[in-house]
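Chain by chain, the residues run as shown.
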Amino acid sequence: MIAGAFYDEDFYKNTYKNLFHTKNQAQKEAKNLANFYLSIAHGSRGFSSAIIAARYIAALINNEPLGIEKRFVEQIHPARFLIRKLKKAKL
């Protein structure tokens, strides 16, 4: 499942290009594209995950508490594949 605010790829690549070497240092807040959210790739459990994703995105839009744990947010974030590549210094 992929759900959340869509990210600005150029910002991620420029800002976090040294993520491999600065893993334990404070990082800048990520920049997202305005008013663009994703809720895709729900798979066979789509009836339940789509509801969770919809509530999560509604909370993002309204600046409310997210209702899910931080570790789950990291697992469903749209930029997680790009972040993984940056951590391995493959970009």
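Quick notes on the rules
Throughout this description, residue numbers start from 1 for each chain and increase along the sequence as written. Side-chain atom pairs in this predicted model are given and counted only at pLDDT of 80 or more, local residue features only at pLDDT of at least 70, and totals for whole chains, interfaces and linings cover all residues. The side-chain quantities take in all heavy atoms of the structure and omit both hydrogens and water. When a residue's accessible area, from a 1.4 Å probe over protein chains only, is under 20% of the maximum for its type it is buried; when over 50% it is exposed; and in between it is partly exposed. A helix here means a DSSP run of H or I that spans at least four residues, while a strand means a run of E at least two residues long, and both kinds are numbered starting from the N terminus. Any two strands are treated as partners once DSSP identifies two or more bridges connecting them. Any pair of nitrogen or oxygen atoms within 3.5 Å is treated as a polar contact; in protein, a donor-acceptor pairing is required on top of that, and neighbouring residues in sequence qualify only through side-chain atoms on both sides. Should any heavy atoms of two residues lie within 4.5 Å, those residues are counted as being in contact.

If you had to explain the pairing of strand E1 (residues 2-7) to someone new, which residues and values would you point to?
Counting buried positions over the six residues of E1 gives five, a clear majority of the element. Pairing geometry for E1 and strand E2 (residues 32-40), over five bridges, is antiparallel. Bridged to Tyr7 within E2 is Asn32.

How would you explain unusual backbone geometry if you had to name every residue and give the values?
Residues other than glycine seldom take positive phi values, yet Ala41 does so here, at roughly 60 degrees. Within the secondary structure, Ala41 sits in the loop between E2 and helix H2 (46-61).

Now, about the side chain of His42: what can you tell me, with residues and values included?
By the secondary structure assignment, His42 is in the loop between E2 and H2. A distance of 2.9 Å separates the side chain of His42 from the side chain of Ser39, its partner in a polar contact. Among the polar contacts listed, one links the side chain of His42 to the side chain of Ser49, at a separation of 2.8 Å. Discounting chain neighbours no more than four positions away, the residues touching His42 are Met1, Ser49, Ala50 and Ala53.

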